[in-house]
There are 2 protein chains.
Amino acid sequence: MARIVMKFGGTSMAGMERIRNVAARVKHVVDQGNEVAVVVSAMAGETDRLVGFCKEASPLYDPAEYDVVVASGEQVTSGLLAMTLKAMGVNARSWLGWQMPIRTVETHAKARVESIDTGALVAAMQSGQVAVIPGFQGMMDDGRVSTLGRGGSDTSAVAVAAAVKADRCDIYTDVDGVYTTDPRIVARARKLDMVTYEEMLELASVGSKVLQTRSVALAMKEKVRVQVLSSFDDPTQDELPGTLIVGEEEIEDSSMERQLITGIAVDKNEAKVIVTRVPDKPGAVASIFSPLAEASINVDMIIQNDSKDNAETDVTFTVPRADLARSVDILEGRKGEIGFNRLITDAEVSKVSVVGVGMRSHAGVAAMMFKALADRGINIEAISTSEIKVSVLIDEDETELAVRVLHTAYGLDADVAA
Amino acid sequence: MARIVMKFGGTSMAGMERIRNVAARVKHVVDQGNEVAVVVSAMAGETDRLVGFCKEASPLYDPAEYDVVVASGEQVTSGLLAMTLKAMGVNARSWLGWQMPIRTVETHAKARVESIDTGALVAAMQSGQVAVIPGFQGMMDDGRVSTLGRGGSDTSAVAVAAAVKADRCDIYTDVDGVYTTDPRIVARARKLDMVTYEEMLELASVGSKVLQTRSVALAMKEKVRVQVLSSFDDPTQDELPGTLIVGEEEIEDSSMERQLITGIAVDKNEAKVIVTRVPDKPGAVASIFSPLAEASINVDMIIQNDSKDNAETDVTFTVPRADLARSVDILEGRKGEIGFNRLITDAEVSKVSVVGVGMRSHAGVAAMMFKALADRGINIEAISTSEIKVSVLIDEDETELAVRVLHTAYGLDADVAA
C-alpha cells in the first residue's frame, strides 16, 4: 500500500473517451490498494480557448479575472473525472483549489503555491476516496481564484504530493519516460530508469519538454519522488515503468552503473547578438546588460573577446528568440551611450547541452565535447557551463549531427537489437 | 441614485462582441449614478455542451460533480464581463457563488437559495464597484458547489436583488417586455407597462417563456420589483421602458386603467388522455391518479363525465406531452385493477389560458370565453380555472384562431396606427 499522486495532462483529458481511460488507470492503481489523489489539466485546447476570450476582452486584461476565467477548464475535467470514477464504482470526489484550499502567493496568473491544507483531503483519501484535484489553480489570501501560469499542473501535482507526503508522484505524459536525448533525433536514444533532480532541472531548462522546470525545482526542494510514464498503456494492466526522478543519494544506493553523461538536450529558442567594437573600459559591459535586465530580458551565454589593441572589444551573448527584436531596439536606442559600432544578430543558432552529475567527479567532459564536435567540423560559437552541464551554441543546421556525434561519443547509444 | 440588479441571459453573453455590449449597458447605468450588481448566464450553448459531457460520462451522473462541471459556464462569463468593464474604466469584480457565498439547500443540480451573505458585496457596491455575479450557482453547507437547475439565473438575479434590497431587478431578454399575448400570433398584441406577480406567475406557468416560474414566485415572496426589458437597444442610450412586475397595490396606486384580462398564454406541451368506461364506484378515480402521482407525473385538467347509467364513466385528463408514453404504460399495466375499457390519447391539443386579476371582481369572464370560442365553432375539450385564470383545452390546429378571437373579445387589441 502506498500513497500516490497521479497527474494527467490535457491530451489525456481531451474528451470523455480519454477521461474514461484515465479513470480506468486510476481504478487499477486504487484496486492495488493504494491511496490516490489525481491532479488533472484542462482538456487540450480549452485553456487556449479561454485565454483567447480574455485577450479579446482586452489586451491588458485584469489578471484576477483572467484567473477566474481560465481556472474553469480544470474545474470541468476534475468534475468529469470524479463522476466517471463514481460511475465505475470507485469512491471519488473533486476538490477545487479553494476547497482545500491550495493557498498561493505573489501575483495572479503566475501565482506560487504557499501551502495546502490537507486535513480533510488526507482524511478522505485514508477513507478510500480518490481525491480529484484540478491542476493549475489555487486561492489567494483574499479568497480570490489564482492560477500558477501555463503548464502549472505539473507543479500542482508535485505540491500536492509534497503536502500529502505521497510515496510517489506519477506524471503521465505522451512519452514513456526521460530519454538520453530526443528519440526523433537519435534512434538509439535510451530511456533512463532514474535521473537526479539536478539533472532533470538542467535538462528541462535547456529544452527537454517532459516536465515543467518549476515542478522539478519544487520536487527537488520537497524531496518528492517523481515518475514520468506513458498515459497510453493499457489502463487495465500494470503500467510499464517510466523514469524515476529522485535525489542523487537514492541513485547512488542503487546498484546502477552511472554514465558520465545522463542526457543531451537541444534548445532552439535562443538567438545570438554580437555587439562590435565596444570601448574596452570599466562599465562598458554593464551599459549593455543593465538595460536588457531592466526590460526583463534573460541573457544567457556571454563572451567577451580578448581586446586586440586594448581599446575595443566584441561582446557576444544570447537572448530568447522571442526577445531578439526588443533587445536590438533597446541597444540601438543606447548606441551613443554604449559606444559600439554595430549589432550583428543570428537567430539560426541552437544550444546543445550535455548534462550529468557524473561530470562533478570526472575532468575532461567539456574537452571531450569540444573535440568530438571539432572532429566533425562543427564550429562552437559560444560556451556556458554549470556544475553538471556544458552547453555550446552552434549553427542550427548542425543540431542533429551534433547531438548524434555527442550521443555516440559519451557512450549513450543503446545496443541495437540483433 | 438607485441600487439596481441587472441580469443578462446566454444570448446576451454569447461571445466577446455581445459581452462588450452588455458592459456598455452596465456602464451607462453606472454613469447615471446607480449602484449596480450584474447577474450573468453562461454563453448560449455552453451549458448544453457541459451537460453533454456529463451525460457522456454516465447516464446516472453524480449530481454534486455535475454541479462542479456546469457551474463553470457562468464562472467564465462573469470573469469576462468583469474584465471588460475594467477595460472600459468601470470598477468591477466577479463574485463567485462560493465567494459571497450564496448558500443553497436541498439537492444538487436543483438547489434552492437559502441565504446570501451580502456584507462584503454591498460594501463593494457602495464603494462604487460593480459586482458581477455568475447566475445559476451557489454553495451547499458542506462547502461544495451547487446549481439551481436549468434557467436558474433569473432566480439568482431575483435572490440577489432581495438580499441587497435592490430598488429594481432588471431582466434583459430578447423581447422588450411582457405582451398581452405572443406577438407572433396576434400582430395587435400590446406590451404591458405593468403586470402583477400573480398574473406573471400564471402566465409563466401556462406557456409564457419570458421569465422562469420560480423567479417570479421568489420575486412575489420577497417583493422584488422586476422589470423585463430588451437587451438589444443601443447600450449607450437610456433603455426603453419594459414591463414592470410588481405587487397589486402598486398597480392600484397607479392611475392606469386595468383591463378585465391582462394576457393570454398558450401551452402546447400537454397531451390528453381519456380512460373509457371506468366503473363508477368509490376509489375508481384514485386508482387512476395514484400511480401517476407516484411516478411524479403532473396531471393537470381532470374531467369526469356524468355517468349515463350510474355504472360506468369516462375520465379525461391532461399530462405533459413528454410523460404521455409513460402514463399510458403505467395505466395499461393496471388495466385489470382499474377496470377500464380502453385508453384514448391525443397529443395534438393545446391549452389556451386567459389571465388577469380583474376577474376576481368581475363575474362572467369564463362565460365570455366560452361564448367567444363557441361563436367561432371552436370545441372546448376540458376546462380548468384558478382565482385569476381560466384555461381551456382545444384542438391544436385551432390555437392561433382561438387566441386571436379571445384577444379581440376581451378588448386587448392595440389601436392600429393610422
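Identification of chain A as Aspartokinase from Sphingobium subterraneum is taken from an unreviewed UniProt entry. Annotation of chain A in UniProt includes, under Catalytic activity (unreviewed entry), the sentence "L-aspartate + ATP = 4-phospho-L-aspartate + ADP". Check the Sequence similarities (unreviewed entry) section of the UniProt entry for chain A; it says "Belongs to the aspartokinase family."

(A) Representation of the interface of chain B and chain A. Across the contact, 39 residues belong to chain B and 39 residues belong to chain A. Summed over both partners, the interface of chain B with chain A comes to about 3100 Å²; 64% of that surface belongs to carbon and sulfur atoms. In terms of surface lost to chain A, no three residues of chain B exceed B:Glu65, B:Met83 and B:Trp98, which account for 19% of the buried area on that side. Among the salt bridges present, the one from A:Glu46 reaches B:Arg49, with a minimum N-O distance of 3.5 Å. Our enumeration of links across chain B and chain A arrives at 14 residue pairs in polar contact (both at pLDDT 80 or more).

(B) Here's a closer look at the nonpolar core. Counting residues in each nonpolar core, the largest one holds 46 residues, and the members touching the most others are A:Val5, A:Ile133, A:Cys169, A:Leu211 and A:Val226. Here the element with the most residues in this core is helix H6 (residues 153-163) of chain A; it accounts for five residues. Setting aside chain neighbours within four positions, we find A:Ile133 in contact with A:Ala37, A:Val38, A:Val39, A:Val40, A:Ser78, A:Trp95, A:Met100, A:Ile102, A:Leu121 and A:Val160. Listed in part, the 43 residues of the second largest apolar core include B:Ile102, B:Ala111, B:Val195 and B:Met200.

(C) Region of the structure containing the sheet that holds strand E20 (residues 389-395) of chain A. Residues and elements named next belong to chain A. The four strands are arranged E13-E18-E20-E19 in an open sheet whose pairing can be described as antiparallel. Of all strands in the sheet, those with a lone pairing partner are strand E13 (263-267) and strand E19 (382-386), marking the two edges. Averaged over neighbouring strand pairs, the angle between their axes works out to 20 degrees when direction is ignored. With seven bridges joining them, strand E18 (residues 349-355) and E20 adopt antiparallel strand pairing. Counterpart to Ser-350 in the pairing with E20 is Ile-394. Contacting E18, E19 and E20, helix H13 (residues 365-375) runs over the sheet at an angle of about 20 degrees to E20.

(D) Structural view of the pairing of strand E2 (residues 35-40) of chain A. Residue and element names in this part refer to chain A. A large share of E2 lies buried, amounting to six of its six residues. Judged from the six bridges that link them, strand E1 (residues 3-8) and E2 form a sheet pairing that is parallel. Note that in E2 the partner of Met-6 across the bridge is Val-38. For the segment spanning E1, helix H1 (residues 16-31) and E2, crossover handedness is right-handed. Where E2 and strand E6 (residues 130-134) come together, four bridges link them in parallel fashion. Across the sheet, residue Val-39 finds its bridge partner in E6, namely Ile-133.

(E) Structural view of the relation of the copies chain B and chain A. Relative to chain A, chain B is turned by 180 degrees and slid 0.0 Å along the rotation axis, the superposed coordinates differing by an RMSD of 0.2 Å. A rotation of that kind, with that shift, is consistent with a two-fold axis. The rotation axis passes nearest to the C-alpha of B:Ser72 in chain B, at a distance of 2.7 Å. Both copies share a contact surface, since 100% of the interface residues of chain B are interface residues in chain A too.

(F) Looking closely at the packing of helix H10 (residues 284-294) of chain B against helix H11 (residues 324-332) of chain B. Residues and elements named next belong to chain B. Two elements in contact, H10 and H11, have axes whose closest approach is 10 Å; the angle formed by their N-to-C orientations is 130 degrees. Taken together, the axes of H10 and H11 are oblique relative to one another. Handedness of the crossing formed by H10 with H11: right-handed. Residues Ile-288, Pro-291 and Leu-292 of H10 lie in contact with H11, whose contacting residues are Ser-327, Ile-330 and Leu-331. Split by residue class, the contact of H10 with H11 holds five nonpolar, one polar and no charged.

Rules used throughout
- One numbering rule holds for all chains: residues counted from 1, following each sequence as written.
- Think of it this way: whatever chain is written first is A, whatever ligand is written first is 1, and the rest follow in order.
- Per-residue local features are limited, in this predicted model, to residues with pLDDT of at least 70; the limit for side-chain atom pairs, both in listing and counting, is 80 or more; totals at the level of whole chains, interfaces and linings are taken over all residues.
- Water and hydrogen atoms play no part in the side-chain values, which are based on all heavy atoms of the structure.
- UniProt positions are given in the numbering used here, feature names are shortened, and annotations may be inferred rather than shown by experiment.
- Between two residues, a contact is recorded if the distance between any of their heavy atoms is within 4.5 Å.
- What counts as buried area is the accessible surface, traced by a 1.4 Å probe, that two parts surrender upon association, with contributions from both included.
- Whenever Lys or Arg places a side-chain nitrogen within 4 Å of a carboxyl oxygen from Asp or Glu, that contact is recorded as a salt bridge.
- Whenever two N or O atoms come within 3.5 Å, that pair is a polar contact, provided that in protein one can donate a hydrogen and the other can accept it, and provided that, for residues adjacent in sequence, both atoms are side-chain atoms.
- Nonpolar core, defined: a set of buried Ala, Val, Leu, Ile, Met, Phe, Trp, Tyr and Cys residues in which side-chain atoms within 4.5 Å join the residues together.
- In this scheme, a residue with accessible area under 20% of its type's maximum is buried, one over 50% is exposed, and one in between is partly exposed, where area comes from a 1.4 Å probe on protein chains only.
- Put simply, DSSP H or I for four residues or longer makes a helix, DSSP E for two residues or longer makes a strand, and each gets a number counted from the N terminus.
- Strands pair, by our definition, only if DSSP identifies at least two bridges between them.
- For helices, the fitted axis covers only the stretch in contact; all axes are lines through C-alpha atoms, and the angles between them, taken along N-to-C directions, range from 0 to 180 degrees.
- Crossovers are marked right-handed if the path from the first strand over the helix to the second runs clockwise, as seen with the strands pointing away from the viewer.
- The fit set for superposing copies consists of C-alpha atoms from residues with pLDDT of at least 70 in both; the fit itself is least squares.
- Here the angle decides the label: under 35 degrees means roughly parallel, over 145 means roughly antiparallel, 65 to 115 means roughly perpendicular, and every other value means oblique.
- Crossings are sorted by hand: turned counterclockwise from the far helix by less than a right angle, the near helix makes the crossing left-handed, and turned clockwise it makes it right-handed.
- When residue character is reported, Ala, Val, Leu, Ile, Met, Phe, Trp, Tyr, Cys and Pro are called nonpolar, Asp, Glu, Lys and Arg charged, and the others, Gly included, polar.

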